[in-house]
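These are the residues of each chain, in order.
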Amino acid sequence: MEGILPIAKNKKAGFNYLVEDTIECGIVLEGGEVKSIRNGNISFSDSFAEISQDGEVWLKNFHISPYFQASIFQHNPDRPKKLLLHKGEIKRLQRKTDEKGYTLVPLEFYLKKGKIKVKLGVCKGKKLYDKRADIRERDVNRDLQREFSKKQDG
């Protein structure tokens with residue numbers, strides 16, 4: 001991933017959702033929002049994307065803290081942000097999200113060639129037993145790594 005500078009990653013998405021497909025999209029921002037995102041002043045743990053009736057994709061529950069060195073005309077930190085996608089991509093996402101249990105979740109934000117991009121995931125919510133299985137698998141892998149490193153040391 002040359003030329004890509006990561007800004008933030010949604011770690012909870014991998015635990016709460018099963019990511020089936022990802023897509024890169026641009027985001028429409030105002031004034032100080034760009035500098036605030038570059039500083040990492042964002043919160044998107046509960047955010048999701050929604051496809052409107054007129055075929056536009058909107059990012060909701062995405063909080064961008066105001067940039068304090070900007071002018072007195074600050075942006076609304078919780079306003080819905082429009083995502084930039086081609087019509088064909090939007091139709092494909094619409095078909096996927098029409099199926100029961102699928103939703104669009106932002107997975108990470110990064111800079112690519114000076115532009116802020118969003119990696120959007122088509123996700124299905126995990127059940128409690130799936131989450132427990134992931135925790136169990138992570139613990140087993142951690143124990144195996146410990147055993148391996150002990151044998152390497154002597």
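Here's a quick rundown of the structure.

The rules behind these values
Residues numbered from 1 in each chain as written. Predicted model: local features only at pLDDT ≥ 70, side-chain atom pairs only at ≥ 80, totals over all residues. Heavy atoms only, no water. Core = buried A, V, L, I, M, F, W, Y, C linked by side-chain atoms within 4.5 Å. Buried < 20%, exposed > 50% of the residue type's maximum accessible area, 1.4 Å probe, protein only. Helix = DSSP H or I, 4+ residues; strand = E, 2+ residues; numbered from the N terminus. Contact = heavy atoms within 4.5 Å. Pairing = 2+ DSSP bridges. Phe/Tyr/Trp six-rings, centres within 6.5 Å; stacked < 30°, edge-to-face > 60°. Salt bridge = Lys/Arg side-chain N within 4 Å of Asp/Glu carboxyl O.

Take the nonpolar core next. Residues Ile-27, Ile-42, Phe-62, Leu-83 and Phe-109 are the most contacted members of the largest nonpolar core, which totals 25 residues. Listing elements by their share of this core, those giving two or more residues are strand S2 (17-27), strand S4 (48-51), strand S5 (57-60), helix H3 (87-98), strand S8 (102-112) and strand S9 (115-125). Setting aside residues up to four positions removed in sequence, Leu-83 forms contacts with Cys-25, Gly-26, Ile-27, Ala-49, Val-57, Leu-59, Val-118 and Leu-120.

Here strand S7 (residues 81-84) shows a buried face lined by Lys-81 and Leu-83 and an unburied face lined by Lys-82 and Leu-84. Where S2 and S7 come together, two bridges link them in antiparallel fashion. Looking at S7, one finds that Gly-26 is bridged to Leu-84. As paired strands, S5 and S7 are joined by three bridges and run antiparallel to one another. Within S7, the residue paired with Trp-58 across the bridge is Lys-82.

Under the definition given, this model contains three aromatic pairs. Ring geometry for Phe-44 and Phe-62: centres 6.3 Å apart, planes at 75°, overall edge-to-face. Residue Phe-44 is found in the loop between strand S3 (42-43) and S4, and its partner Phe-62 is found in the loop between S5 and strand S6 (63-64); the two are separated by 18 residues along the sequence. Residue Phe-44 is classed as buried on the basis of its relative accessible area, which comes to 7%. Take Phe-62: its relative accessible area is 0%, and that puts it in the buried class. Relative to Phe-109, the ring of Phe-44 has its centre 4.7 Å away and its plane inclined at 75°; by these criteria the two rings are edge-to-face. Here Phe-109 lies in strand S8 and Phe-44 lies in the loop between S3 and S4, a separation of 65 residues in the sequence. Linked through ring pairs, Phe-44, Phe-62 and Phe-109 together constitute an aromatic cluster.

Okay, the pattern of salt bridges next. In a structure, side chains of opposite charge can pair up when their charged atoms sit close to one another. The final tally for this structure, using the stated rule, is nine salt bridges. As a salt-bridge pair, Lys-60 and Glu-50 come within 2.8 Å of each other at their nearest N and O atoms. One end of the pair, Lys-60, is in strand S5; the other, Glu-50, is in strand S4, and 10 residues separate them in sequence. Two residues, Asp-143 and Arg-146, come together in a salt bridge whose shortest N-O distance is 3.2 Å.

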